[in-house]
Amino acid sequence: MPRLDVSSTISIDESELEERFIQAGGPGGQNVNKLATAVQLKFNVAETNSLSPAVKRRLKEIAGRRLSASGILTITAREHRTQQLNREAARDRLIAMLREAARPVRHRIKTKPSRAAKRKRLEAKGKRADIKKMRQRPRSE
């Protein structure tokens, strides 16, 4: 059975993808009214065995409202005038989304400011304070 290669570790069986062609709006004249060129690609993230639980969790965050409550990811492509180009565009978007989800999250390592950075910050604060003091009314003695 043909597979959709996402990365060296992830590949999805094409039987897990469901494609439906729908009518697309916008420019195109009679072609738009006659043909269903837009594609709706559906992928059941919740029930697939191709993805690890960590990738599924990150994909849920990335997909946002494109992922239904039942775990079905829906991608709609209607930017081209042919079914084939829209089909490829939808698959490319799915692959890009899965690659982003497969990339591990890098955690930030907290660092403290250096002694020189602290000194520089305090000097800048002092200069700013001097500028503001110069703007005040002179004291009457």
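None of the values given here were measured: they were computed from a predicted structure.

Chemist: How would you sum up the side chain of Thr48? Please name residues and give values.
Modeler: Within the secondary structure, Thr48 is located in the loop between strand E4 (38-44) and helix H2 (53-63). Leaving out residues up to four positions away in the same chain, Thr48 has contacts with Glu16, Phe43 and Lys56.

Chemist: Please give an account of a positive patch on the surface that cites residues and values.
Modeler: On the surface, Lys112, Arg115, Lys118, Arg121 and Lys125 cluster together into a patch of positive charge. On the secondary structure map, Arg121 appears in helix H4 (residues 115-135). On the basis of relative accessible area, Arg121 is assigned to the partly exposed category, the value being 49%.

Chemist: Mind laying out the environment of Leu4, listing which residues take part and the relevant values?
Modeler: Turning to its location among the elements, Leu4 is positioned in strand E1 (residues 3-5). Among all residues touching Leu4, those that are not within four sequence positions of it are Ile10, Ser11, Ile12, Glu14, Leu17, Arg91, Leu94 and Ile95.

Chemist: Pulling in residues and values, what's your account of the sheet that holds strand E3 (residues 17-22)?
Modeler: Two modes of strand pairing occur in sheets, parallel and antiparallel, and in both the strands are linked by backbone hydrogen bonds. The three strands are arranged E3-E4-E5 in an open sheet whose pairing can be described as antiparallel. Every other strand in the sheet has two partners, leaving E3 and strand E5 (72-77) as the edge strands with one partner each. Each strand axis lies, on average, 20° off the axis of its neighbour in the sheet, ignoring direction. Where E3 and E4 come together, six bridges link them in antiparallel fashion. Directly across from Glu19, in E4, lies its bridge partner Leu41. In the packing of helix H3 (residues 83-102) onto the sheet, the strands contacted are E3, E4 and E5, and the crossing angle to E5 comes to about 135°.

Chemist: Which residues make up the nonpolar core, and what values do they have?
Modeler: Counting residues in each nonpolar core, the largest one holds 24 residues, and the members touching the most others are Phe43, Leu51, Leu59, Leu73, Ile75, Leu94 and Leu98. Those elements that place two or more of their residues in this core are E4, H2, E5 and H3. Element by element, the count of residues in this core is highest for H3, at seven residues. For Ile75, the contacting residues outside a window of four places in its chain are Val39, Gln40, Leu41, Ala90, Arg93, Leu94 and Met97.

Chemist: Mind laying out the environment of Glu14, listing which residues take part and the relevant values?
Modeler: Of note, Glu14 is situated in the loop between strand E2 (11-13) and E3. Counting along the chain gives ten residues from Glu14 to Leu4, while the straight-line C-alpha distance between them is 6.3 Å. Apart from the residues within four sequence positions on either side, Glu14 is in contact with Pro2, Arg3, Leu4 and Arg91.

Chemist: Explain the confidence of the model for the protein residue by residue, including any values.
Modeler: The predicted model of the protein has a mean per-residue pLDDT of 87, with 94% of residues at 70 or higher. Looking across the protein, the model is least confident in helix H1 (residues 30-34), with a mean pLDDT of 69, and most confident in H4, with 96.

So, how was this worked out
- Residues numbered from 1 in each chain as written.
- Predicted model: local features only at pLDDT ≥ 70, side-chain atom pairs only at ≥ 80, totals over all residues.
- Heavy atoms only, no water.
- Helix = DSSP H or I, 4+ residues; strand = E, 2+ residues; numbered from the N terminus.
- Contact = heavy atoms within 4.5 Å.
- Patch = residues over 30% accessible without salt bridge, like charges linked within 9 Å, V, L, I, M, F, W, Y side chains within 5 Å.
- Areas by Shrake-Rupley, 256 points an atom, 1.4 Å probe, with all protein chains shown as cover.
- Salt bridge = Lys/Arg side-chain N within 4 Å of Asp/Glu carboxyl O.
- Lys, Arg positive; Asp, Glu negative; His and termini not counted.
- Charge placed at Lys NZ, Arg CZ, Asp CG, Glu CD.
- Buried < 20%, exposed > 50% of the residue type's maximum accessible area, 1.4 Å probe, protein only.
- Pairing = 2+ DSSP bridges.
- Axes fitted to C-alpha atoms, helices over the stretch in contact; angles between N-to-C directions.
- Core = buried A, V, L, I, M, F, W, Y, C linked by side-chain atoms within 4.5 Å.
- pLDDT = per-residue confidence, 0-100.

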